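Breakdown of the fold
So you can see what is in the structure, the chains are spelled out below.
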Amino acid sequence: MAMRNGRTQTRGYIHGYSRAEQERLAAQSRFLEPMVFSGVDFSRQTRVLEIGCGVGAQTQILLRRFPKIFVQGVDVSPAQISRARENLARPIAQGRADLRVADGERLPFADASFDGAFFCWVLEHLQKPQAVLKELRRVLKPGARVFGIEVQNESLYLYPECPAVAAYWKEYNDAQRAMGGDPCVGAKTGNLLRQAGFKDVRVCAWTRHYDQRDRLAFKRMIDYWQRLLLSVAPQLLAAGRVDQKLIREMKREHARLKSHPQGVFFYTPLKFSARR
Ligand SMILES: C[S@@+](CC[C@H](N)C(=O)[O-])C[C@H]1O[C@@H](n2cnc3c(N)ncnc32)[C@H](O)[C@@H]1O
């Protein structure tokens, strides 16, 4: 912990490991499944490593979509792995999955142990994403397939303007940077993969653009987004970055946005594929 600009800076994971946050991750994986898994193909793989598997939410989807694979999940947090063990009790008992507490920078596996790898909303939290990608490469077989998706938080555009959301979003992203993460890692990940030695690196800007043409989808995306933003509220409040007034105003702006005839939500995460 250190002090900067009068604020406490804590290295760690911005969303925290509360039960409510773990449930949010599960709900998020179901909501975003069509986007996250479009183009992901492990139909020729047998052993897939998932880095930063959290509570096993994406692991469950991987196992359902690709019934022949074994998934090895790793996460740096014992709390996440403990919850993932509950969520994946059946595939673990069936020998289709295994979970380990491990830092992506030091994977407890021999060279060339896997023929596939997956990461989702993880690199943004790492202080050394390059080191994790190099370590990932070490444990993959030549030709192994890698798929990933990461954030690009500066791509967010809302219309009409939402000043309270923008103020809160700035604090959210500044807090993540102060923890050593990178809320704009998405646009950099193509270079990071190439420099870590991966081949056939492909990057796709996966813009999510919602407006009143599909009112229900627009409303659902804003509800999802608000839950994401509020997931870091306890940490932002504790650090003095936001106050309850800003949070109330942010909620009012989201409510107005949903019913505004010109309302727009626009955000671009980045998707990746590569080979070892
Ligand atoms: C936003 S969660 C995403 C979890 C999962 N991929 C999903 O989409 O549901 C990011 C996860 O990365 C984990 N993580 C952060 N730093 C890590 C590291 N150095 N090595 C492994 N996991 C890490 C966190 O503990 C957290 O569970």
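Residues numbered from 1 in each chain as written. Predicted model: local features only at pLDDT ≥ 70, side-chain atom pairs only at ≥ 80, totals over all residues. Heavy atoms only, no water.

1. Remarks on the layout of surface pockets
By volume, the largest pocket is sized at about 840 Å³. Forming the boundary of the largest pocket are 47 residues, of which Tyr13, Trp121, Val122, Glu124 and His125 lie nearest the centre. Broken down by secondary-structure element, the contributors of at least two residues to the lining of the largest pocket are helix H1 (19-37), strand S3 (47-51), helix H2 (57-65), strand S4 (70-75), helix H6 (163-178), helix H8 (215-230) and strand S11 (264-267). If one sorts the elements of the lining of the largest pocket by residue count, H1 sits on top with six residues. Of the voids in this model, the second largest pocket is the one considered here, and its volume is about 220 Å³. Along the walls of the second largest pocket sit 13 residues, with Leu156, Tyr157, Leu158, Ala166 and Trp169 positioned nearest its centre. Sorting elements by how many residues they give to the lining of the second largest pocket places H6 first, with six residues. Across the lining of the second largest pocket, the residue classes tally to eight nonpolar, two polar and three charged. (1 Å grid on protein atoms, 1.4 Å probe; cavity = no way out; pocket = protein on both sides within 12 Å on 5 of 7 lines; lining within 4 Å. Points joined across faces, edges and corners; volume = space filled by probe spheres on them. Helix = DSSP H or I, 4+ residues; strand = E, 2+ residues; numbered from the N terminus. Nonpolar A, V, L, I, M, F, W, Y, C, P; charged D, E, K, R; others polar.)

2. What about the site of the ligand?
In the vicinity of the ligand, 18 residues are found, and the nearest of them are Tyr17, Gly52, Asp75, Gly104 and Cys120. The contact in question runs from a nitrogen atom of the ligand to an N or O atom on the backbone of Gly52, over 2.8 Å. Look at the ligand: alone it shows 600 Å² of surface, and the protein chains cover 95% of it. The cavity that encloses the ligand is the largest pocket. (Near = heavy atom within 4 Å. Polar contact = N/O pair within 3.5 Å; in protein donor to acceptor, adjacent residues only side chain to side chain. Areas by Shrake-Rupley, 256 points an atom, 1.4 Å probe, with all protein chains shown as cover. Sits in = over half its atoms within 2 Å of the grid points.)

3. Side note on the sheet that holds strand S6 (residues 114-120)
The seven strands are arranged S5-S4-S3-S6-S7-S12-S9 in an open sheet whose pairing can be described as mixed. The open sheet has two edge strands, strand S5 (97-101) and strand S9 (199-205), and neither has a second partner. Averaged over all neighbouring strand pairs, the angle between strand axes comes to 15°, with direction disregarded. Sheet topology note: the S4/S5 ladder contains five bridges and is parallel. In the sheet register, Val71 faces S5, and the bridge partner there is Ala97. (Pairing = 2+ DSSP bridges. Axes fitted to C-alpha atoms, helices over the stretch in contact; angles between N-to-C directions.)

4. Considering the packing of aromatic side chains
Evaluated as defined, the whole model comprises 13 aromatic pairs. Here Phe42 and Phe66 contribute two aromatic rings whose centre-to-centre distance is 5.9 Å and whose plane-to-plane angle is 80°, an arrangement assigned as edge-to-face. Highlighted residues: Phe42 in the loop between H1 and S3 and Phe66 in the loop between H2 and S4, separated in sequence by 24 residues. Its relative accessible area of 10% is what places Phe66 among the buried residues. One aromatic cluster is present, built from ring pairs that chain together Phe31, Trp169, Tyr172, Tyr210, Tyr224, Trp225, Phe265 and Tyr267. (Phe/Tyr/Trp six-rings, centres within 6.5 Å; stacked < 30°, edge-to-face > 60°. Buried < 20%, exposed > 50% of the residue type's maximum accessible area, 1.4 Å probe, protein only.)

5. Notes on the sheet that holds strand S8 (residues 157-159)
Pairing is antiparallel in the open sheet, where three strands are placed in the order S8-S11-S10. The open sheet has two edge strands, S8 and strand S10 (208-211), and neither has a second partner. Adjacent strand axes in the sheet meet at a mean angle of 5° when their direction is disregarded. As paired elements, S8 and S11 share three bridges and run antiparallel to each other. Looking at the pairing, Tyr157 lines up with Phe266 of S11.

Purely geometric numbers; function is a separate question.
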